[in-house]
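Working through the structure, step by step
The residues making up each chain are set out below.
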Amino acid sequence: MTAPPLFPARGVLVVLLCLLTLLTGRGAAQQTGAQQTGAPSLTPAQEQRAVAIQKNLRCPLCDTGESIADSRSDISVKMRESVREQVAAGRTDGDIYVFFAQRYGNFVLLDPPRTGRNLLLWGAPLLALALGGVFLWSFLRRAPATAPGAAPAPDEAFDPFLEQVRRETRAPGDHPGGGNA
């Protein structure tokens with residue numbers, strides 16, 4: 001007499017169906033839970049505005065400077081919901097940025113305001129470019145007018161030491177004109 005199989009085919013099928021039902025039911029529950037979090041429905045114009053604001057806010061936890069629109073962290077999800085709620089409430093972009101800057105500091109703004117100490121951030125590159133231009137202009141004005149390999153300066157022709165060196169370094173048969181004839 002043979003032993004019955006440990007798991008009959010029918011039992012395996014039932015177990016797989018139960019697992020599948022649990023997994024799909026859990027996924028559906030998560031999706032409906034996300035829709036019931038209180039995130040308001042927005043018009044297409046409001047949705048576009050909310051996305052633009054989300055792209056200008058930095059995730060406070062991400063080390064890479066990622067915007068909250070791209071980040072998957074929990075705080076970014078909550079910040080995105082807050083942006084959507086504030087857009088639906090009719091707050092201006094400036095009000096929303098101020099709201100987040102008060103809670104997280106100006107660090108959270110990917111486009112910091114051009115006031116106070118932040119002027120240094122905006123002005124330093126322009127100042128460095130201007131100073132570099134002034135330095136280059138003054139350097140080019142001081143550059144010698146003659147190019148390398150040009151005729152010697154008038155003072156150089158009357159230098160007796162230089163003439164002596166030239167005479168001593170000439171090979172026999174060289175003409176004083178500098179070339180072989």
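Along every chain, residues carry numbers that run from 1 in the direction the sequence is written. Under the rules for a predicted model, residues below a pLDDT of 70 receive no local features and side-chain atom pairs below 80 are neither given nor counted, while totals for whole chains, interfaces and linings still include all residues. Heavy atoms from the whole structure form the basis of all side-chain values; hydrogens and water molecules are not counted.

**Quick look at the side chain of Gln54**
Relative to the helices and strands, Gln54 resides in helix α2 (residues 44-55). The exposure class of Gln54 is buried, given its relative accessible area of 7%. Gln54 has contacts with Ser67, Ile68, Ala69, Arg80, Val83 and Arg84, leaving out every residue within four places of it along the chain. The way it works is that DSSP assigns letters per residue, a run of H or I at least four long becomes a helix, a run of E at least two long becomes a strand, and they are numbered from the N terminus. Per-residue accessibility, obtained with a 1.4 Å probe over protein chains only, is compared with the maximum for each type, and a residue is labelled buried under 20%, exposed over 50%, and partly exposed between these values. Whether two residues are in contact is decided by their heavy atoms, any of which lying within 4.5 Å being enough.

**A word on the packing of aromatic side chains**
Between 30 and 60 degrees the pair is tilted, below 30 it is stacked and above 60 it is edge-to-face, where a pair is any two Phe, Tyr or Trp rings, Trp via its six-membered ring, whose centres lie within 6.5 Å. Under the counting rule described, the total for this entry stands at three aromatic pairs. Ring plane angle 85 degrees and centroid distance 5.1 Å describe the contact between Phe99 and Phe100, whose orientation is recorded as edge-to-face. Given a relative accessible area of 18%, Phe99 falls into the buried group. Only when the NZ of Lys or the CZ of Arg is both within 6 Å of the ring centre and within 35 degrees of the ring normal is a charge said to sit over the ring. Above the face of the Phe107 ring, Arg58 is positioned so that its terminal group lies 4.7 Å from the ring centre.

**Notes on the confidence of the model for the protein chain**
Taken over all residues, the pLDDT of the protein chain has a mean of 76, while the share at 70 or more is 63%. No element of the protein chain has a lower mean pLDDT than helix α1 (residues 9-35), at 53, and none a higher one than helix α3 (residues 74-88), at 94. Note on scores: pLDDT gives the predictor's confidence for each residue, bounded by 0 and 100. Across residues 26-36, where pLDDT falls below 50, the model places zero contacts with residues more than four positions away in sequence or in other chains.

**Observations concerning the pattern of salt bridges**
Only one rule defines a salt bridge in this text: a Lys or Arg side-chain nitrogen within 4 Å of an Asp or Glu carboxyl oxygen. Enumeration according to the criterion identifies two salt bridges in this entry. Put simply, Arg84 and Glu47 hold a salt bridge, and the shortest N to O gap is 2.4 Å. In this pair, Arg84 is assigned in helix α3 and Glu47 in helix α2, connecting sequence segments 37 residues apart. Notably, a salt bridge pairs Arg49 with Asp93, separated by 2.6 Å at the nearest N-O pair. Highlighted residues: Arg49 in helix α2 and Asp93 in helix α4 (residues 93-104), separated in sequence by 44 residues. Given the relative accessible area of 26%, Arg49 is considered partly exposed.

**Digging into the environment of Ala88**
Locating Ala88 in the fold gives a position in helix α3. Not counting residues up to four positions away in its chain, the partners in contact with Ala88 are Pro40, Leu42 and Gln46.

**Some thoughts on a nonpolar patch on the surface**
Taken together, the side chains of Phe135, Leu136, Phe139 and Leu140 define a hydrophobic patch exposed on the protein surface, amounting to about 450 Å² of accessible area. You can see Phe139 is positioned in helix α5 (residues 118-142). What makes a patch is a set of residues exposed beyond 30% relative accessible area and free of salt bridges, joined within 9 Å when like-charged and within 5 Å when nonpolar (Val, Leu, Ile, Met, Phe, Trp, Tyr). Calculation of accessible area relied on Shrake-Rupley with a 1.4 Å probe; when residues are assessed, cover is drawn exclusively from the protein chains displayed.

**Some remarks on α2**
Expected span of a helix: the number of residues minus one, times 1.5 Å. Taking 1.5 Å of rise per residue, twelve residues should cover 16 Å, and α2 covers 17 Å from first to last C-alpha, within 8% of that figure. Along α2, the residues classified as buried are Ala50, Ile53 and Gln54. Taken down its axis, α2 places every buried residue within 100 degrees of arc, on the same side. Across α2 from its buried face, at more than 90 degrees, point the exposed residues Pro44, Ala45 and Gln48. Where α2 is buried, its residues contact α3 and α4. Here, the arc refers to the directions that run from the helix axis to the C-beta atoms.

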